[in-house]
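Close look at the chain arrangement
In case you want the letters, here they are:
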Amino acid sequence: MKTDLSLLSLFTDASILVQMVMLILLFLSIMSWSLIFQRGFALKQAQRIFDEFQQRFHLSSDLKRLYDYLSSRRVQAQGIEQVFRLGFREYIRLYKQDALPQAVMEGTERAMRVALTREEDDLEQNLPFLATVGSISVYIGLFGTVWGIMTAFRALGSVQQATLAMVAPGISEALVATALGLFAAIPAVYAYNRYTHQAQRLMRGYDNLAEEFSGALHRRLHTQSWQETDNDSNEDADEELNNSRR
């Protein structure tokens, strides 16, 4: 007598509880794989945007022109572009209000910190779900395995003579739950670790570029202040010279 040990038969012959465990693990696996592909594409796009903007930022000699370029595009600024755009917009707003240089820089840096926090949340979006799947899937599968083995041994207690053919189907269907748990957990853990590393590396790049941007704004602000001071001094000197001639 041959025993059918195909995956479909192991699922259909399993108890209701083990079937529920298998369905839960299958659902978690499908969800995690969809998020793995989605997060992989999002992080790859964020890295591309960062590399392009970093190169454009270092080659640009006029930050105002770069800001106008980002603001005039039909495509909405993303990633580090959004950090730059919001920071420079706050800088222009405070500068036009004739705020003190220190207040201008504090407001600009505050706006960039808020933008950096939002970008960090976007980069780490759905990563906690992958961590959760990687943590609990094995235990869910183990629960189904323990229940299936327990059911198989209870069935053996009602027969006079136990054979391997009688035990094999029950043990096999129980171990399928563990296999499904591992199938859901391993990719989720790997993707979580990999994507967390990529997100942290991107955030370090964002922070470094934001510091460079802050330094450039600081130099720009004080250069403009000195130019205005020199212009005021020249105007006062011309006025005194005209009064002395009179």
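Below: a short report on this structure. Throughout, a residue's number is its position along its own chain's written sequence, starting from 1. The predicted origin of the model limits local features to residues at a pLDDT of at least 70 and limits the giving and counting of side-chain atom pairs to 80 or more, whereas totals for whole chains, interfaces and linings rest on all residues. Note that water and hydrogens are dropped before the side-chain values are worked out from all heavy atoms of the structure.

A run of H or I in DSSP counts as a helix once it spans at least four residues, and a run of E counts as a strand once it spans at least two, with each numbered from the N terminus. If you tally the helices and strands in the protein, you get 7 helices and 0 strands. Shown N-terminal to C-terminal, the secondary structure of the protein runs as helices and strands in the order α-α-α-α-α-α-α. Here the term buried applies to any residue with accessible area under 20% of the maximum for its type, exposed to any over 50%, and partly exposed to those in between, with areas from a 1.4 Å probe on protein chains only. Buried residues in the protein amount to 36% of all 246 residues. We call two residues in contact whenever any of their non-hydrogen atoms come within 4.5 Å of each other. Within the protein, counting contacts between residues at least 6 apart in sequence, those at least 24 apart form 81% of the total. Of the accessible surface of the protein, which amounts to about 15,600 Å², a share of 58% is contributed by carbon and sulfur atoms. Accessible areas in this description were obtained via Shrake-Rupley with a 1.4 Å probe; residue shielding takes into account the shown protein chains only.

It is worth spelling out helix α3 (residues 63-72) at this point. Residues L63, L66, Y67 and L70 constitute the buried set of α3. Viewed along the axis of α3, the buried residues span an arc of 100°, placing them on a single side of the element. The outward face of α3, more than 90 degrees from its buried face, is lined by the exposed residues R65 and S72. For the purposes of these results, a polar contact is taken to be a pair of N or O atoms within 3.5 Å, where, inside protein, one atom must be able to donate a hydrogen and its partner to accept one; residues adjacent in sequence count only when each atom of the pair is a side-chain atom. Of the residues that open α3, the one with a side-chain oxygen 3.1 Å from the backbone nitrogen of K64 is D62. In this description, the arc belongs to the directions extending from the helix axis to the C-beta atoms.

In this section: a negative patch on the surface. A surface patch of like charges, here negative, comprises E106, E109, E120, D121, D122, E124, D207 and E211. Those elements that provide at least two residues to the negative patch are α5 (101-123) and α7 (164-245). The dominant element in the negative patch, judged by the number of residues it contributes, is α5, at 5 residues. Topologically, D207 is positioned in helix α7. Within the patch definition used here, like charges are joined within 9 Å and nonpolar side chains (Val, Leu, Ile, Met, Phe, Trp, Tyr) within 5 Å, considering only residues with over 30% relative accessible area and no salt bridge. By definition, a salt bridge exists where a carboxyl oxygen of Asp or Glu is found within 4 Å of a side-chain nitrogen of Lys or Arg. Counting rule for charge: Lys and Arg are taken as positive, Asp and Glu as negative, and neither His nor the chain ends is counted. Taken as the charge location is NZ of Lys, CZ of Arg, CG of Asp or CD of Glu.

Turning our eyes to something else, we now look at the nonpolar core. Core analysis: the largest hydrophobic core is formed by 39 residues, its most contacted members being F84 and Y206. Elements represented by at least two residues in this core include exactly α2 (16-59), α3, α4 (80-96), α5, α6 (127-156) and α7. Tallying contributions element by element places α7 first for this core, with 12 residues. Among all residues touching Y206, those that are not within four sequence positions of it are A46, F50, G79, I80, L116, E119 and L123. For our purposes a nonpolar core is just a set of buried Ala, Val, Leu, Ile, Met, Phe, Trp, Tyr and Cys residues, chained together by side-chain atoms within 4.5 Å.

For the rest of this paragraph, the subject is the environment of M105. Mapped onto the secondary structure, M105 falls in helix α5. Take M105: its relative accessible area is 7%, and that puts it in the buried class. Each C-alpha atom, one on M105 and one on G215, is 9.6 Å from the other, the two residues being 110 residues apart in sequence. Not counting residues up to four positions away in its chain, the partners in contact with M105 are S214, L217, H218 and L221.

Moving on, we get to the packing of α2 against α4. Relative to each other, α2 and α4 sit at 45°, their axes nearing to 9 Å. For the element pair α2 / α4, the angle class is oblique. Along the contact surface, α2 presents I49, F50, F53 and F57, while α4 presents I80, E81 and F84. Only Asp, Glu, Lys and Arg are considered charged in this grouping, and only Ala, Val, Leu, Ile, Met, Phe, Trp, Tyr, Cys and Pro are considered nonpolar; every other residue, Gly among them, is considered polar. Per-class residue counts for the contact of α2 with α4 are 6 nonpolar, no polar and 1 charged. To obtain an axis, a line is fitted to C-alpha atoms, over the contacting stretch when the element is a helix, and the angle between two such axes runs from 0 to 180 degrees between their N-to-C directions. Orientation categories follow fixed angle ranges, with anything under 35 degrees roughly parallel, anything over 145 roughly antiparallel, 65 to 115 roughly perpendicular, and all other angles oblique.

Next up on the list: the pattern of salt bridges. Here the structure, examined in full by the defined rule, presents 4 salt bridges. In this structure, K64 engages D68 in a salt bridge whose closest nitrogen and oxygen atoms are separated by 2.9 Å. Here K64 pairs with D68, and both are found in helix α3, just 4 residues apart, close to one helical turn. A salt bridge links R73 to E81, with the nearest nitrogen and oxygen atoms 2.7 Å apart. We classify R73 as partly exposed; its relative accessible area is 24%. The class for E81 is buried, based on a relative accessible area of 5%.

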